[in-house]
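# Overview (structure and organization)
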Amino acid sequence: MSSADNSPERETLSEDLIFDVLKNRRRRYTLHYLKQQERPVELSELAEQVAAWENDTTVEGLSANERKSVYTSLYQTHLPKLADAGIVDYNQNRGVVELSDNAAQLEGYLRPQDEFPWIRYYLALAVVSAVLVIGDLFGVPPFDAIPDEIWGILIVAAFALSAATHYFRRRQLSRQEAPPNVEQ
């Protein structure tokens with residue numbers, strides 16, 4: 001039962017704690033929604049969205065019992081556990097919850113997976129760049145026809161454009177409407 005005023009300072013979360021917290025789908029949904037919103041969220045709003053995801057419906061399509069069940073378990077169990085772990089700041093009196101700085105440590109565990117083979121792409125880009133540089137260095141036609149400065153600019157631009165694309169793609173994936181599809 002932590003509050004935003006007395007939340008623990010940033011500390012390294014153990015892998016055991018992270019796995020314990022993430023083994024519950026309701027907590028994963030909670031963290032996903034808080035990350036999407038990037039702002040403090042009222043418990044009722046959070047409970048409605050988590051209940052909608054759990055019941056594969058919209059917030060408007062929820063029954064009162066579905067809302068109440070999720071609200072109660074978040075209030076009594078899940079949010080206090082996340083707050084005690086230092087992952088969320090939860091003020092029970094105000095009914096407001098938000099991610100703490102420690103939540104960033106869960107990024108690698110919750111991030112939606114990108115199917116694009118980025119590692120292979122960057123490796124191929126590095127190999128192509130090396131071939132261009134070596135070809136230019138040894139004066140191999142047609143590489144020697146383009147000045148060294150232009151090759152440098154082209155290679156740096158290719159890596160910068162690739163990195164920007166990768167970054168924006170990751171941000172787009174992390175803002176997906178649906179929560180992470182990980183079974184309990």
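Since the model is a prediction, treat every value here as computed from it, not as a measurement.

Let us look at a nonpolar patch on the surface. On the surface, a nonpolar cluster with roughly 440 Å² of combined accessible area is contributed by I134, L137, F138 and V140. Within the secondary structure, V140 sits in the loop between α6 (118-137) and α7 (148-174). Residue classification places V140 among the partly exposed residues on the basis of a relative accessible area of 37%.

What follows covers the pairing of strand β2 (residues 88-91). Along β2, one buried face is formed by V88 and Y90 and the opposite face, lined by D89 and N91, is buried too. Taken together, the four bridges between β2 and strand β3 (residues 96-99) define a ladder with antiparallel strand orientation. Note that in β3 the partner of V88 across the bridge is L99. The hairpin formed by β2 and β3 contains four residues between the paired strands, and G95 there has a positive phi angle of roughly 70°.

Over its 13 residues, helix α2 (residues 25-37) runs 18 Å from end to end, which matches the ideal 18 Å to within 8%, given 1.5 Å per residue. Most of α2 is tucked away: 10 of the 13 residues are buried. When we look at burial in α2, the residues that qualify are R26, R27, R28, Y29, T30, L31, H32, Y33, L34 and Q36. Put simply, N24 is the residue that caps the front of α2, since its side-chain oxygen is 2.8 Å from the backbone nitrogen of R26. Looking one or two places after α2, you find E38, whose phi comes out positive at around 55°.

Another point: the confidence of the model for the chain. As a general rule, the predicted coordinates of low-pLDDT regions are not to be interpreted in detail. Taken residue by residue, the chain gives an average pLDDT of 87. The fraction at 70 or more is 87%. When the elements of the chain are averaged for pLDDT, helix α5 (residues 107-110) gives the smallest value, 77, and strand β1 (residues 41-42) the largest, 96.

With that settled, consider unusual backbone geometry. Looking along the chain, the bond that leaves P141 and enters P142 is cis, with omega of 0°. One can find P142 in the loop between α6 and α7. Of note, the phi angle at E38 is positive, near 55°, even though the residue is not glycine. Mapped onto the elements, E38 comes out in the loop between α2 and β1. Phi angles above zero are rare outside glycine, and D56 is one such case at about 50°. Summarising the element assignment, D56 is placed in the loop between α3 (43-54) and α4 (64-84).

Criteria and thresholds
Residues numbered from 1 in each chain as written. Predicted model: local features only at pLDDT ≥ 70, side-chain atom pairs only at ≥ 80, totals over all residues. Heavy atoms only, no water. Patch = residues over 30% accessible without salt bridge, like charges linked within 9 Å, V, L, I, M, F, W, Y side chains within 5 Å. Areas by Shrake-Rupley, 256 points an atom, 1.4 Å probe, with all protein chains shown as cover. Salt bridge = Lys/Arg side-chain N within 4 Å of Asp/Glu carboxyl O. Helix = DSSP H or I, 4+ residues; strand = E, 2+ residues; numbered from the N terminus. Buried < 20%, exposed > 50% of the residue type's maximum accessible area, 1.4 Å probe, protein only. Pairing = 2+ DSSP bridges. Expected span 1.5 Å × (residues − 1). Polar contact = N/O pair within 3.5 Å; in protein donor to acceptor, adjacent residues only side chain to side chain. pLDDT = per-residue confidence, 0-100.

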